[in-house]
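Remarks on the overall topology
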Amino acid sequence: RGLPFALPSGHFASICGTVLGGIHPDTGRQFSVIEPELGGWGATWEADGNSALFSGIHGNTFNLGAEVAEARYGVVVQRYSLNDEPGGQGRWRGGRGVCIEYRIRAATAWLTFAYSRSKIPPWGLQGGHVGSPNYV
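Notes on the structure follow. Just so you know, these numbers come straight off a predicted model, no measurement behind them. (Residues numbered from 1 in each chain as written. Predicted model: local features only at pLDDT ≥ 70, side-chain atom pairs only at ≥ 80, totals over all residues. Heavy atoms only, no water.)

1. So, the overall build of the protein
As a reminder of what qualifies: In this description a helix means any DSSP run of H or I spanning at least four residues, a strand means any run of E spanning at least two, and both kinds are numbered starting from the N terminus. Residues count as neighbours in contact if any of their non-hydrogen atoms are within 4.5 Å of one another. We score Asp and Glu as negative and Lys and Arg as positive, and we do not count His or the chain ends. In this description, the location of a charge corresponds to atom NZ of lysine, CZ of arginine, CG of aspartate or CD of glutamate.
Each helix and strand counted, the protein has 1 helix and 5 strands in total. Starting at the N terminus, the α and β elements of the protein follow one another as β-β-α-β-β-β. The contacts of the protein with a sequence gap of at least 6 include a subset with a gap of at least 24, amounting to 61%. One way to put it: in the protein the 11 positive side-chain charges average out to a point 6 Å from where the 10 negative ones average out.

2. A closer look at the pattern of salt bridges
As a reminder, the rule being used: Any Lys or Arg side-chain nitrogen located within 4 Å of an Asp or Glu carboxyl oxygen qualifies as a salt bridge. Note on exposure labels: buried denotes an accessible area under 20% of the residue type's maximum, exposed denotes more than 50%, and partly exposed covers the range between, all computed with a 1.4 Å probe on protein chains only.
Overall, the coordinates contain 3 salt bridges when judged by the stated rule. A salt bridge links Arg105 to Asp26, with the nearest nitrogen and oxygen atoms 2.9 Å apart. Within this pair, whereas Arg105 is found in the loop between strand E4 (98-104) and strand E5 (109-114), its partner Asp26 is found in the loop between strand E1 (17-23) and strand E2 (30-36), the two being separated by 79 residues in sequence. Exposure remark for Asp26: the relative accessible area of 57% places this residue in the exposed category. Note that Glu101 is salt-bridged to Arg79, the shortest N-O span being 3.9 Å. One end of the pair, Glu101, is in strand E4; the other, Arg79, is in strand E3 (residues 75-82), and 22 residues separate them in sequence.

3. Concerning the environment of Glu85
Filter applied, for reference: Under this definition, polar contacts are N or O atom pairs within 3.5 Å; protein pairs additionally need one hydrogen-donor-capable and one acceptor-capable atom, and for neighbouring residues in sequence, both atoms have to be side-chain atoms.
For Glu85, the location among the structural elements is in the loop between E3 and E4. Between the C-alpha atoms of Glu85 and Ser132, which are 47 residues apart in sequence, the distance is 7.2 Å. For Glu85, the side chain forms a polar contact with the side chain of Tyr135, separated by 2.3 Å.

4. What about the environment of Pro133?
Summarising the element assignment, Pro133 is placed in the segment after E5. Among the residues examined, Pro133 registers a relative accessible area of 32% and is labelled partly exposed. Spatially, the C-alpha atoms of Pro133 and Ala106 are 29 Å apart, while their sequence positions differ by 27 residues.

5. As for unusual backbone geometry
One non-glycine residue with positive phi stands out, namely Ala52, at about 50°. Locating Ala52 in the fold gives a position in the loop between E2 and helix H1 (66-73). The phi dihedral of Gln126 falls on the positive side, at around 55°, and the residue is not glycine. Take Gln126: it is sitting in the segment after E5. Judged by its relative accessible area of 62%, Gln126 falls in the exposed class.

Any functional reading would require information that these geometric values do not contain.
Structure representation (structure tokens):
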């Protein structure tokens, strides 16, 4: 029983911090991309969840456009789209996160990341399906 109208379904739950860097192939200078990812929010009892939003703990964060990332960091953004994997279906669908694919042009580079909800996906409510997990 409980309060079915008080809580939404699960959401991506994390900063999902992705950090990559290397030596810019054109300038020879070091670059670092520090990117909190956008995620989907759970559906409510009366509406679909929001797609591609920052977490409440991101603070003063903004979305960097693909063109800016390519110019500043020497990467090629091959894909930047809403995640099209199944997950979150129900009477009202959970919001979608993003899928970002980089091609790093640097001869050597590094990558680190920290994501939650990578093993236990966001929960569904009232018969809705679980959402998709976060991953690299």
